[in-house]
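Spelled out, the chains give:
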Amino acid sequence: MTSIADTNDLLRACGVTVATDVRQGWAVQTPITGDVIAQIALDDAQVVPGKIKDAHDAFLVWRTTPAPIRGELVRLFGDVLRTHKDALAQMVTIESGKIIAEGRGEVQEMIDICDFAVGLSRQLYGLTMPSERPEHHMREVWHPLGVIGVISAFNFPVAVWAWNAALALICGNTVLWKPSEKTPLTALATHALFEKAVATFRAAGHAAPDNLSHVIIGDAKAGQAMADSPDVPLISATGSTRMGRIVAQRVAERLGRSLLELGGNNAMIVAESADLDMTLRAILFSAVGTAGQRCTTLRRLLLHTSHVDTLLPALIKAYGTLRIGNPLERGVLVGPLIDADAVKSFEKAVSQAVAEGGKILAGGNVLPEKGGFYVAPTIIQMPGQSKIVQHETFAPILYVMTWDTMADAVALQNAVAQGLSSCLFTLNMREAEAFLSASGSDCGIANINIGPSGAEIGGAFGGEKETGGGRESGSDSWKAYMRRQTQTVNYSAALPLAQGVVFES
Ligand code: UN1
């Protein structure tokens, strides 16, 4: 696999029928070479209300389909993903630039969440609670919510949608998806695969309304139209803190719900007792993987001073051996950044870091000779947690800082506006438990002896502070996609009031 396969063949393999060569409209480029690989028509904001209505009509039918039957559709979708894993993974790589192993990992993440959702479709448990009144029955029931708007980012162009869609669908909702403008083809491919699952579901005798899942290929205005619509009770948005702030305010204006997964600025604390071989490998994957473009990417390396002369030289050496290039080629570990703007942000961050006293230990430069948008994975030693270190730059820049006491290390790790993921490398049980305690990491994800990125789908995924507070994927995240109803049934012949209130004259 050494060249960009014919994108149209891949799209056809997934069942895409919309035209991708309209010669006008939106130009889609691959970051691998910077070439335009398709031109597609953009949906403008005017089409959004119609799509919301379609999705709402579908919801009115789907909400009464028994949840385990809804689960069967998601099971079939997981099957379709299994049989199209290679084609979809290549689309992910061609459009987002992540290496093919990670493209396959992303599709696997979709399959995993489908499996998880199928199980959940028989476990949307409510509660019963004892009533204080005789012959009364109280219970809590979870009902479908409505049309779920999903706004997703280029860096996980399909897995994050799948976290939302798989859960939303088994919960009885329908889905309206606005993918990143940078990865529309992958979204169209995924949508076509979903429609294959719907066809199989119907062929097996199940009823499914049209428009269970809709895609809007549009810009920020389309996203805003979704955010403003009272017929979209939940907007789940992944992306920058800037985008999240705009979406959250618009949704709040109409008192809707938002589920936000925004910027991260994830740290690794390396304690004195750390297993340095493991630490080194974890740093490489989490700082350099996906070319530094995961929300969970390692951006701040907080080293105990004793490691400065050992771990740091080993890390610089390892950075020197990384294969950078075409992400479709086996053995390449670092692909391109997403576009020219991302390269500019990288350059700006590196020069700002130097201006703030940083010393470049590895990389720091753009690699124009490779074509596309390649940059060298970069390590910068910083005198402290200056302004640029507190800012999330979506690029492979690792800022290194040192500490002497664990209290200082935890304070440093928590002293940023974002709160997504964190980790500690230590063999000291007391340190590990303290890091995981209420006075330890303030992030949504806290790991011991693994890096901050690459979470499994079974846990709730998301973070605190400017990361937005949302939780997606595993655990009880499904509750975000349902409405809770407290029900009280009186099966007596009397009408006692709560709190013993007597309302009689
Ligand atoms: C993201 O970058 O928005 O934990 C999601 C991880 C992946 C998901 C990242 N499973 O790194």
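Conventions we followed
Residues numbered from 1 in each chain as written. Predicted model: local features only at pLDDT ≥ 70, side-chain atom pairs only at ≥ 80, totals over all residues. Heavy atoms only, no water. Pairing = 2+ DSSP bridges. Helix = DSSP H or I, 4+ residues; strand = E, 2+ residues; numbered from the N terminus. Axes fitted to C-alpha atoms, helices over the stretch in contact; angles between N-to-C directions. Parallel < 35°, antiparallel > 145°, perpendicular 65-115°, else oblique. Left-handed = near helix turned anticlockwise from the far one by under 90°. Contact = heavy atoms within 4.5 Å. Nonpolar A, V, L, I, M, F, W, Y, C, P; charged D, E, K, R; others polar. Near = heavy atom within 4 Å. Polar contact = N/O pair within 3.5 Å; in protein donor to acceptor, adjacent residues only side chain to side chain. Areas by Shrake-Rupley, 256 points an atom, 1.4 Å probe, with all protein chains shown as cover. Patch = residues over 30% accessible without salt bridge, like charges linked within 9 Å, V, L, I, M, F, W, Y side chains within 5 Å. Salt bridge = Lys/Arg side-chain N within 4 Å of Asp/Glu carboxyl O. Buried < 20%, exposed > 50% of the residue type's maximum accessible area, 1.4 Å probe, protein only. Core = buried A, V, L, I, M, F, W, Y, C linked by side-chain atoms within 4.5 Å. Right-handed = clockwise from strand over helix to strand, strands pointing away.

Caption draft 1: Geometry of the sheet that holds strand β13 (residues 378–381). Strands sit in the order β12-β13-β14-β11-β10-β16-β17 across an open sheet of seven strands; the sheet is mixed. Here the strands that pair on one side only, and so sit at the sheet edges, are β12 (359–362) and β17 (445–448). Averaged over all pairs of adjacent strands, the angle between strand axes in this sheet comes to 25°, irrespective of strand direction. Bridge count for strand β16 (residues 421–425) against β17 is four bridges, and the pairing is parallel.

Caption draft 2: Main features of the packing of helix α4 (residues 85–96) against helix α7 (residues 184–203). The geometry of α4 relative to α7 is characterised by a closest axis approach of 8 Å and an angle of 165° between their N-to-C directions. The angle between α4 and α7 places the two elements in the roughly antiparallel class. Read as a crossing pair, α4 and α7 show a hand that is left-handed. Of α7, the residues touching α4 (which contributes Leu88, Met91, Val92 and Glu95) are Pro184, Leu185, Thr186, Ala189, Thr190 and Leu193. Along the lines of polarity and charge, the residues of the contact of α4 with α7 split into seven nonpolar, two polar and one charged.

Caption draft 3: Structural context of the site of the ligand. For the ligand, the full set of nearby residues is Glu109, Asn155, Phe156, Trp163, Glu261, Arg294, Cys295, Thr296, Ser453, Gly454, Ala455 and Phe461. Arg294 places a polar side-chain atom, nitrogen or oxygen, 2.9 Å from an oxygen atom of the ligand. Residue Ala455 places a main-chain N or O atom 2.7 Å away from an oxygen atom belonging to the ligand. For the ligand, the protein covers 99% of the area, taking 320 Å² as the surface of the free molecule. Its residues placed into classes, the shell around the ligand shows five nonpolar, four polar and three charged.

Caption draft 4: Broad picture of a nonpolar patch on the surface. A surface patch of nonpolar side chains, amounting to about 330 Å² of accessible area, comprises Leu497, Val501 and Phe503. Note on placement: Phe503 falls in the segment after β21 (482–490). Classification of Phe503 by relative accessible area gives exposed; the value is 76%.

Caption draft 5: Region of interest: the nonpolar core. Counting 79 residues, the largest nonpolar core has Leu73, Phe77, Leu81, Met110, Trp161, Trp478 and Tyr481 as the members making the most contacts within it. Residues within four places of Met110 in sequence aside, it is in contact with Phe77, Leu81, Leu88, Val158, Ala159, Trp161, Ala162 and Thr190. Residues Ile283, Leu315, Ala353 and Ala395 belong to the second largest nonpolar core, which totals 55 residues.

Caption draft 6: The pairing of β16, seen in detail. Most of β16 sits inside the fold, with five of its five residues counted as buried. Traced from β16 through helix α14 (residues 429–436) to β17, the parallel crossover comes out right-handed.

Caption draft 7: Structural context of the pattern of salt bridges. Going through the model one piece at a time under the given rule, you end up with 21 salt bridges. The salt bridge involving Asp43 is made with Lys51; its shortest N-O contact spans 3.4 Å. For the pair shown, Asp43 and Lys51 are each scored as buried. Note that Arg250 and Asp228 form a salt bridge whose closest N and O atoms lie 2.9 Å from each other. Highlighted residues: Arg250 in helix α9 (residues 241–253) and Asp228 in helix α8 (residues 220–228), separated in sequence by 22 residues. Given the relative accessible area of 30%, Arg250 is considered partly exposed.

Caption draft 8: Representation of unusual backbone geometry. Not every positive phi belongs to a glycine, and Glu135 is a case in point at roughly 50°. With respect to the helices, strands and loops of the structure, Glu135 is situated in the loop between β3 (127–129) and β4 (136–144). Look at Glu135 and you get partly exposed, because its relative accessible area is 45%. In this model, Ser473 sits at a positive phi of 75°, which is unusual for a non-glycine residue. Mapped onto the secondary structure, Ser473 falls in strand β20 (residues 472–473). Residue class for Ser473 comes out buried when judged on its relative accessible area of 1%.

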